[in-house]
Amino acid sequence: MSINEKVILDLKLKKKYAFDLVYQEYYRLVYYIALDITRDEQVSQDVLQETFIKLMNDISNYQEKGSFKKYIASIAKSCALNAYKKRKQNKETLQVPLDASYNEDYSKFELTITLNKLLSPEEAKIVYKKVVLEDSFQNIADELNQTLGVIQAKYYRAMKILKKYYEEEKLYE
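Counting of residues starts from 1 at the beginning of each chain's written sequence and follows it residue by residue. With pLDDT at 70 or above as the cut-off, local features in this predicted model cover only qualifying residues; side-chain atom pairs require 80 or more to be listed or tallied, and sums for whole chains, interfaces and linings still use all residues. To obtain the side-chain values, all non-hydrogen atoms of the structure were included, while hydrogens and water were left out.

Caption draft 1: Looking closely at helix 7 (residues 137-144). Those residues of helix 7 not exposed but buried are F137, I140 and A141. Seen along its axis, helix 7 keeps its buried residues to an arc of 100°; they face one direction. N145 sits one or two residues past helix 7 and shows a positive phi near 55°. Residue burial is assigned from relative accessible area. The probe radius is 1.4 Å, only protein chains are included, and a residue is buried under 20% of its type maximum, exposed over 50%, and partly exposed in between. A run of DSSP states H or I qualifies as a helix once it reaches four residues; a run of E qualifies as a strand once it reaches two. Both are numbered from the N-terminal end. This arc is taken over the directions from the axis of the helix to the C-beta atoms.

Here's what the structure looks like:
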């Protein structure tokens, strides 16, 4: 279901059905953005709740410029970054996010979510570094302390998985 102008208007009027539709449509997106940034399932659940609370508190300010999906994703990103920074300040042990530069455009977030959903963390990291960051196989191998051949094999195996996923996705469009 696509969120249309009527649903957004009803959301601004605080109608429960509109909130339920928006939540059903976007809770996975919000959760995976949070998980990508925080690398913690419990914190991601908290960010999920915080995102929808913030959305409802600020929905009257939504100007309907751009897509609603990007709007809610930006709220999720902001909440997740705040949670990540708070945990870092508390000096808790955190797993380093896939990519620490979160000022990149939204499409990189979607790619990161897809990579983390379909691939192992190591494969996702290899593909992200190669495709998005345009890093060389040798640099990736050195960073991950593996041989060049192993990194290339993991990369090409991951690319086959992604190719199959995107080909199947096109069939259902």
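Resuming the write-up.
Caption draft 2: Structural view of unusual backbone geometry. Even without a glycine there, the phi angle at K14 is positive, about 65°. Positive phi, close to 60°, is recorded for R39, a residue that is not glycine. Locating R39 in the fold gives a position in the loop between helix 2 (16-38) and helix 3 (41-58). R39 gets classed as partly exposed once you look at its relative accessible area, which sits at 24%.

Caption draft 3: Structural view of the packing of aromatic side chains. Pairing of aromatic side chains here covers Phe, Tyr and the six-membered ring of Trp, requires ring centres within 6.5 Å, and sorts the geometry by plane angle: under 30 degrees stacked, over 60 edge-to-face, intermediate tilted. Under the definition given, this model contains twelve aromatic pairs. Aromatic pair Y62 and F68: ring centres 5.3 Å apart, planes at 85°, arrangement edge-to-face. You'll find Y62 and F68 in the same group, each marked buried.

Caption draft 4: Fine view of the pattern of salt bridges. Should a side-chain nitrogen of Lys or Arg be within 4 Å of a carboxyl oxygen of Asp or Glu, the pair is scored as a salt bridge. One pass over the structure, following the stated rule, counts eight salt bridges. Of the charged contacts in the structure, one is a salt bridge between K16 and D20, with a shortest N-O distance of 3.0 Å. In this pair, K16 and D20 are both assigned in helix 2, four residues apart and thus about one turn of the helix distant. Since its relative accessible area comes to 59%, K16 is described here as exposed. With a shortest N-O distance of 2.6 Å, E122 and K154 are connected by a salt bridge. Residue E122 is found in helix 6 (residues 121-132), and its partner K154 is found in helix 8 (residues 148-171); the two are separated by 32 residues along the sequence. For K154, a relative accessible area of 16% gives the class buried. The network of salt bridges with common partners includes K6, D10 and K15.

Caption draft 5: Inspection of the packing of helix 6 against helix 7 at higher detail. Where helix 6 meets helix 7, the axes come as close as 10 Å, and the angle between the chain directions of the two elements is 145°. Crossing of helix 6 against helix 7: the hand is right-handed. Here E122, K125, I126, K129 and K130 of helix 6 lie close against helix 7, whose contacting residues are F137, I140, E143 and L144. By residue class, the composition of the contact of helix 6 with helix 7 is four nonpolar, no polar and five charged. Between the N-to-C directions of two axes lies an angle of 0 to 180 degrees, each axis being a line fitted to C-alpha atoms and, for a helix, fitted only over the stretch in contact. Crossing handedness: left-handed means the near helix sits turned counterclockwise from the far one by under a right angle, and right-handed means the same turn made clockwise. Here a residue-residue contact requires only that any non-hydrogen atoms of the pair lie within 4.5 Å. Side-chain classes are defined by residue name, with Ala, Val, Leu, Ile, Met, Phe, Trp, Tyr, Cys and Pro counting as nonpolar, Asp, Glu, Lys and Arg as charged, and the others, Gly among them, as polar.

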